[in-house]
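# Understanding the architecture of this molecule
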Amino acid sequence: MRAVRTFLSWVFALGAVIFLRSSVSALLNIVGWPRAHFPTSLVSAGASAAAPLLGFVYGMACWNFWRGRTSARGWGIAASMLNVALGSVFLYMDRRYLLESPGAFVNADSVLLAIGLGGLIAFRRRDVTTAEESLQPIPGDGTNAILNRVVWIAGAGAFLAGMSWWWRWARMHHLPAEETSFMAKLMVLLAAQLAMVAIHELGHAAVGKALGMKIRGFIAGPLQWHIRDGRWRFRFVLSGFLTPGGATTVVPANPGQRVWREVAMVAAGSCGGLLSGGLALWLVFASPRSRQEQLWLPLAVFATMSLVVSILNLIPFRTKSFYSDGARIWQILAGGPWGDLHRAFSAAAATTVTPLRPRDFDIVAIHRAAEAITVGQQALLLRLLASSYYLDCGRLPEAGQALQDAEAVFQRSAPDIPAELCTAFVFGKAYVQRDGAGTRQWWDRMEAKKPTRHDADYWLARSAFCWSEQRLEEAWDSWEKGNALVKELPRVGVYETDRDNFALLRRELESAAAVAAVP
């Protein structure tokens, strides 16, 4: 449902841009702007007068959702009701044509009605915003609060303006345009979007690979590849069509690599989009009276989308869940706490492909970053990295203090963490802090998220949880299952650490069993 609400927020943003444009056109009509024309009917006049109100409702719906406000539910329902009303009115106005051509029911009006009905379902729950994961605004991250909110709305406006220009250009050059059906246009839009995301992510992956880095994951819309437990796995996620972004996990084989390599890898995505968009632009202008004349529309959509998104992505900004490539480049080059943050996360990622272990982390850099970054999931991860460093060094008091700091961040500003992070808290509470009540609390939190992957970390956490409650038979059973899995994992730093943690817990289980055997 999160993906649906996010998709609908962008639909609302698009509606706000469209009606804002209509409002500006109506205003130009009123002041007598050259080449502007007054509405020719009462219906058109009423639509022009209502455009500012409709744009306001759509704008407030997307704005409140992106801001994470409790009023997002009400505005989302209001905007969805507008979509239902507009879709129904447009279908009624075209009823004669639709009855004569039943296949014409699949059009923009019916899609608008379906989106409205879907919005009423998606926004019916009262916890619309509480379950949405978001990056906390952190001073010094290179972004601007105003720019964060308007950059993609400006991008949507630029795309619409570009496509409007292309349609006029196509009619001027007598290219096939008007006979293109709505479904064909929709398929062109989805295909262009998927191609743009794939090229962007391939740019990251190709340059990273060329510079000696390792690829750990690749996502382009619904197509997702990840390395899990040392093996590549593919998933097709249908909701990926609703979240048109992508992601590439590229980690350094050498955590001490030069800064320019990481900057080049990050910039490669937008550079690939600019190059492919420029090539498509050249092909569009060369399409009249050529072999690719029939392909002018998909090429124009791809060129406009690639160029707009690539340019925007080089601007430093932050959305609900990610930083743009421009923001990441700024943070890497700026040094200071953000430079320490990226080095710490790069070192942690390197443990999955190299012999580097948590005890090899730069703990001074982790503490420097943690002093400046105190809210959100990034702050929590920094403190968990510090806890794993101290645990791997055998310094349990410092590991316990870092774990306590991470828990404080969780309670203050990062309550919605994945189940995989809960396992670290369960094991830390049980083994490091010897806190049975805290272990039970974190185990319940993890189970509430219904984890689907019962990997080695899950069984380690379960074993530690059962041990903390003196359920030794269940603890041994979980330990045996997890130990069998961890033996099969690759010989890299993170899994060597897991094997050591199983050995630590085994000693505690043996000690507890020996105590229980004494009369």
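Thresholds applied
- Residues numbered from 1 in each chain as written.
- Predicted model: local features only at pLDDT ≥ 70, side-chain atom pairs only at ≥ 80, totals over all residues.
- Heavy atoms only, no water.
- Helix = DSSP H or I, 4+ residues; strand = E, 2+ residues; numbered from the N terminus.
- Buried < 20%, exposed > 50% of the residue type's maximum accessible area, 1.4 Å probe, protein only.
- Patch = residues over 30% accessible without salt bridge, like charges linked within 9 Å, V, L, I, M, F, W, Y side chains within 5 Å.
- Areas by Shrake-Rupley, 256 points an atom, 1.4 Å probe, with all protein chains shown as cover.
- Salt bridge = Lys/Arg side-chain N within 4 Å of Asp/Glu carboxyl O.
- Phe/Tyr/Trp six-rings, centres within 6.5 Å; stacked < 30°, edge-to-face > 60°.
- Lys NZ or Arg CZ within 6 Å of the ring centre and 35° of its normal.
- Pairing = 2+ DSSP bridges.
- Lys, Arg positive; Asp, Glu negative; His and termini not counted.
- Charge placed at Lys NZ, Arg CZ, Asp CG, Glu CD.
- Axes fitted to C-alpha atoms, helices over the stretch in contact; angles between N-to-C directions.
- Expected span 1.5 Å × (residues − 1).
- Contact = heavy atoms within 4.5 Å.
- Polar contact = N/O pair within 3.5 Å; in protein donor to acceptor, adjacent residues only side chain to side chain.
- pLDDT = per-residue confidence, 0-100.

### Focus on the overall build of the chain
Assigned secondary structure in the chain consists of 19 helices and four strands. Residues classed as buried in the chain amount to 45% of the 519 residues present.

### A closer look at a nonpolar patch on the surface
A cluster of nonpolar residues, Trp 225, Trp 232, Phe 234, Phe 236 and Leu 238, forms a patch on the protein surface that exposes about 580 Å² of accessible area. Per element, the largest residue contribution to the nonpolar patch is three residues, and it comes from strand S3 (residues 231–236).

### Thoughts on the packing of aromatic side chains
In the structure shown here, the tally under the stated rule is 19 aromatic pairs. Measuring from ring centre to ring centre gives 5.8 Å for Trp 169 and Phe 285, while their planes differ by 90 degrees; the resulting arrangement is edge-to-face. Of this pair, Trp 169 sits in helix H6 (residues 145–172) while Phe 285 sits in helix H8 (residues 259–285), placing them 116 residues apart in sequence. The class of Trp 169 is buried, set by a relative accessible area of 8%. Sitting over the face of the ring of Tyr 431, Arg 434 holds its NZ or CZ atom 5.2 Å from the ring centroid. Over the aromatic face of Trp 442 sits the side chain of Arg 445, whose NZ or CZ is 4.5 Å from the ring centroid.

### A few points about the environment of Ala 408
If you trace the backbone, Ala 408 turns up in helix H14 (residues 396–413). Taking the C-alpha atoms as reference points, Ala 408 and Val 375, separated by 33 residues in sequence, lie 9.7 Å from one another.

### Side note on the pairing of strand S2 (residues 223–228)
Relative to S2, strand S1 (residues 214–220) is paired through four bridges, and the arrangement is antiparallel. In the sheet register, Ala 220 faces S2, and the bridge partner there is Leu 223. The antiparallel hairpin formed by S1 and S2 contains two residues in its connecting segment, where Gly 221 sits at a positive phi of about 60 degrees. Relative to S3, S2 runs antiparallel, the two sharing six bridges. Along S3, the bridge assignment pairs Leu 223 with Phe 236.

### A closer look at a positive patch on the surface
A cluster of like positive charges, contributed by Arg 228, Arg 231, Arg 233 and Arg 235, occupies part of the molecular surface. A per-element tally of the positive patch places S3 first, with three residues. Within the element layout of this structure, Arg 231 appears in strand S3.

### Some thoughts on unusual backbone geometry
A positive phi angle, close to 55 degrees, is found at Arg 434, a residue other than glycine. Within the fold, Arg 434 resides in the loop between helix H15 (419–432) and helix H16 (436–448). Positioned with a positive phi, Lys 450 is a non-glycine residue whose angle comes to about 50 degrees.

### A closer look at helix H10 (residues 325–334)
In an α-helix, one turn spans 3.6 residues; hence positions three or four apart end up facing the same way. Looking only at H10, the buried set comprises Asp 325, Gly 326, Ala 327, Ile 329, Gln 331 and Ile 332. One or two steps after H10, the chain reaches Gly 335, where phi turns positive at roughly 70 degrees.

### What about the sheet that holds S3?
Pairing is antiparallel in the open sheet, where four strands are placed in the order S3-S2-S1-S4. Looking along the sheet, the strands with just one partner apiece sit at the ends: S3 and strand S4 (246–251). Taking each pair of neighbouring strands and ignoring which way they run, the sheet shows an average axis angle of 20 degrees.

### Points about H14
Compared with an ideal rise of 1.5 Å per residue, which puts 18 residues at 26 Å, H14 spans 26 Å between its outermost C-alpha atoms and is within 8% of the ideal. Elements that come into contact with the buried residues of H14 comprise helix H13 (376–392), H15 and H16.

### Digging into the side chain of Asn 83
Inspection of the secondary structure assignment puts Asn 83 in helix H3 (residues 72–93). Assessed through its relative accessible area of 3%, Asn 83 is described here as buried. Among the polar contacts made by the side chain of Asn 83, one reaches the side chain of Tyr 58 at a distance of 2.6 Å.

### Brief notes about the pattern of salt bridges
Should their charged atoms come close, side chains of opposite charge can pair. One pass over the structure, following the stated rule, counts 20 salt bridges. Of the charged contacts in the structure, one is a salt bridge between Asp 325 and Arg 328, with a shortest N-O distance of 3.4 Å. With Asp 325 and Arg 328 both in helix H10 and three residues apart, the pair spans about one turn of that helix. Between Glu 496 and Arg 499 there is a salt bridge; the shortest N-O distance is 3.4 Å. One end of the pair is Glu 496 and the other is Arg 499, both in helix H19 (residues 493–517) and three residues apart, which spans about a single turn. For Arg 499, a relative accessible area of 14% gives the class buried. Through salt bridges with shared partners, one network takes in Arg 440, Asp 444, Arg 462, Glu 469, Arg 471 and Glu 474.

### Overview of the environment of Pro 298
Tracing the sequence through the fold places Pro 298 in helix H9 (residues 296–313). Sequence spacing of Pro 298 and Val 188 is 110 residues, and the spatial spacing of their C-alpha atoms is 5.6 Å.

### Remarks on the side chain of Thr 354
Position of Thr 354 relative to the elements: it lies in the loop between helix H11 (336–350) and helix H12 (363–372). Note on Thr 354: relative accessible area 9%, which makes it buried.

### Some words on the confidence of the model for the chain
With 84% of its residues at a pLDDT of at least 70, the chain reaches an overall mean of 83. Averaged pLDDT values for the elements of the chain fall to 60 in helix H4 (residues 95–100) and rise to 95 in helix H17 (residues 456–468). Within the model, the stretch residues 30–43 combines pLDDT values under 50 with ten contacts to residues more than four positions away or in other chains.

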